[in-house]
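Next come the chains, spelled out residue by residue.
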Amino acid sequence: MTREPVELVIFDCDGVLVDSERIYCRVDREVFASLGAEFTEAEVAERFIGSSHELLTALVEERRGRPLEPDWHLPFRQRYEDALDAELTAVEGVADALDALAVPYCLASNGSHASIRRNLGRTGLLERFGGRMFSAHDVSRGKPAPDLFLHAAAALGVPPERCAVVEDSPYGVRAARAAGMRAFGYTGGLTGADRLAGPGTVVFTDMRELPALLRGPGVPEDREAARALG
């Protein structure tokens, strides 16, 4: 069966555009331990990358054996900001990939709009996305529910079957599949290929490979061709 051509690429932010997951995982482990919830490095990477705030809170509460205060995370915010200010960089090759894309793209992240803008600003990527940034705060359910990706596609007027999602977490890949979109699982970070592979999913390790992987029937090979299509 012929696949629909890709008309919109939806990027996750953390771990896909900005190399933040290693930073978050290290600080997460420190913060959770201070709250009485001990996790190994492998557990933090496996269970928290790409999760929503609600899911993260539930997992920490489960491990510590008692509830957290509603705003438990607020006293730790500056610890994350300081680490990101000092260490955050763009994912290697992502600027080249964005430059080479022949179709429109946007961002859809479980993070807040404020954190998305700060992290893109820290890495020089903010201007590339203009007003095409969507947060889980815009919908009732974040990833792994499909709501956020469907919201982004609807806002930009593209049918789900013509969207491709670039993700680095199982939660994000599950959300893309549930939305009826093609998933591209990036394994250049902390998530192994075995946790992203599956139906309708292409797994890759170098962000510079993405434009070629996205091309299919009806998709132009460069931006000049895309302009010609009007």
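Keep in mind the model is a prediction, meaning the values are calculated, not measured. (Residues numbered from 1 in each chain as written. Predicted model: local features only at pLDDT ≥ 70, side-chain atom pairs only at ≥ 80, totals over all residues. Heavy atoms only, no water.)

Asker: It is not clear to me how the packing of aromatic side chains should be interpreted in this structure. Could you clarify?
Answerer: Working definition: an aromatic ring pair is given by the centre-to-centre distance plus the angle between the planes. Per the counting criterion, the structure on display carries eight aromatic pairs. Pairing tyrosine 24 with tyrosine 80 gives two aromatic rings, centres 6.1 Å apart and planes at 45 degrees, and the pair type is tilted. Of the two residues, tyrosine 24 sits in helix α1 (residues 21-34) while tyrosine 80 sits in helix α4 (residues 77-87), which places them 56 residues apart along the sequence. Under the relative-accessibility criterion, tyrosine 24 is labelled buried at 18%. (Phe/Tyr/Trp six-rings, centres within 6.5 Å; stacked < 30°, edge-to-face > 60°. Helix = DSSP H or I, 4+ residues; strand = E, 2+ residues; numbered from the N terminus. Buried < 20%, exposed > 50% of the residue type's maximum accessible area, 1.4 Å probe, protein only.)

Asker: In this structure, what is going on with the confidence of the model for the protein chain? I would like to understand it.
Answerer: Any region with low pLDDT has predicted coordinates that should not be read closely. For the protein chain, per-residue confidence averages 91 on the pLDDT scale, and residues scoring 70 or more make up 93% of the total. Confidence drops under a pLDDT of 50 for residues 217-230, and excluding neighbours within four residues, the segment shows 21 contacts in the predicted structure. (pLDDT = per-residue confidence, 0-100. Contact = heavy atoms within 4.5 Å.)

Asker: I'm lost on the packing of α4 against helix α6 (residues 113-122) in this one. Help?
Answerer: It is the contact of α4 with α6, at a shortest axis distance of 10 Å, that shows an interaxial angle of 25 degrees. By the angle between their axes, α4 is roughly parallel relative to α6. The two elements α4 and α6 meet at a crossing, and its hand is right-handed. Only Arg118, Asn119 and Arg122 of α6 make contact with α4, whose side of the interface consists of Glu81, Leu84 and Asp85. (Axes fitted to C-alpha atoms, helices over the stretch in contact; angles between N-to-C directions. Parallel < 35°, antiparallel > 145°, perpendicular 65-115°, else oblique. Left-handed = near helix turned anticlockwise from the far one by under 90°.)

Asker: Honestly, the environment of leucine 210 in this entry has me stumped. Any pointers?
Answerer: Secondary-structure assignment places leucine 210 in helix α9 (residues 210-214). Residue leucine 210 is classed as buried on the basis of its relative accessible area of 0%. For leucine 210 and valine 91, which are 119 residues apart along the polypeptide, the C-alpha to C-alpha distance reads 13 Å. Leave out the neighbours within four places in its chain, and leucine 210 touches Phe11, Val166, Phe184 and Phe204.

Asker: Can you help me understand the layout of surface pockets in this one?
Answerer: Considering only enclosed or pocket space, the largest pocket measures out at about 1000 Å³ in volume. Considering the residues around the largest pocket, the lining is formed by 41 residues, among which His53, Asn110, Gly111, Ser112 and Ser115 are closest to the centre. For the lining of the largest pocket, the elements supplying multiple residues, two or more each, are α1, α3 (53-64), α4 and α6. Considering every element that reaches the lining of the largest pocket, the biggest residue donor is α1, with six residues. Split into classes, the residues belonging to the lining of the largest pocket amount to 13 nonpolar, 16 polar and twelve charged. (1 Å grid on protein atoms, 1.4 Å probe; cavity = no way out; pocket = protein on both sides within 12 Å on 5 of 7 lines; lining within 4 Å. Points joined across faces, edges and corners; volume = space filled by probe spheres on them. Nonpolar A, V, L, I, M, F, W, Y, C, P; charged D, E, K, R; others polar.)

Asker: Just to check I follow, could you spell out the pattern of salt bridges for this structure?
Answerer: Oppositely charged side chains can pair when the atoms bearing their charge come close. Scanning all chains against the criterion turns up 18 salt bridges. For aspartate 19, the salt bridge identified is with arginine 22, shortest N-O distance 2.8 Å. For arginine 22, a relative accessible area of 38% translates into the label partly exposed. Across the salt bridge formed by arginine 141 and aspartate 147, the nearest N and O atoms sit 2.9 Å from each other. In this structure aspartate 147 comes out as buried when scored by relative accessible area, which is 17%. (Salt bridge = Lys/Arg side-chain N within 4 Å of Asp/Glu carboxyl O.)

Asker: When you look at the packing of α1 against helix α2 (residues 41-48) in this model, what are you seeing that I'm missing?
Answerer: Between two packed helices, both the angle of their axes relative to each other and the distance between the axes serve to describe the pair. Between α1 and α2, the least distance of the axes is 9 Å, while the angle of their chain directions is 110 degrees. Here α1 is positioned roughly perpendicular relative to α2, judged by the angle of their axes. Only Glu41, Val44, Ala45 and Phe48 of α2 make contact with α1, whose side of the interface consists of Cys25, Asp28, Arg29 and Phe32. For the contact of α1 with α2, the per-class residue count stands at five nonpolar, no polar and three charged.

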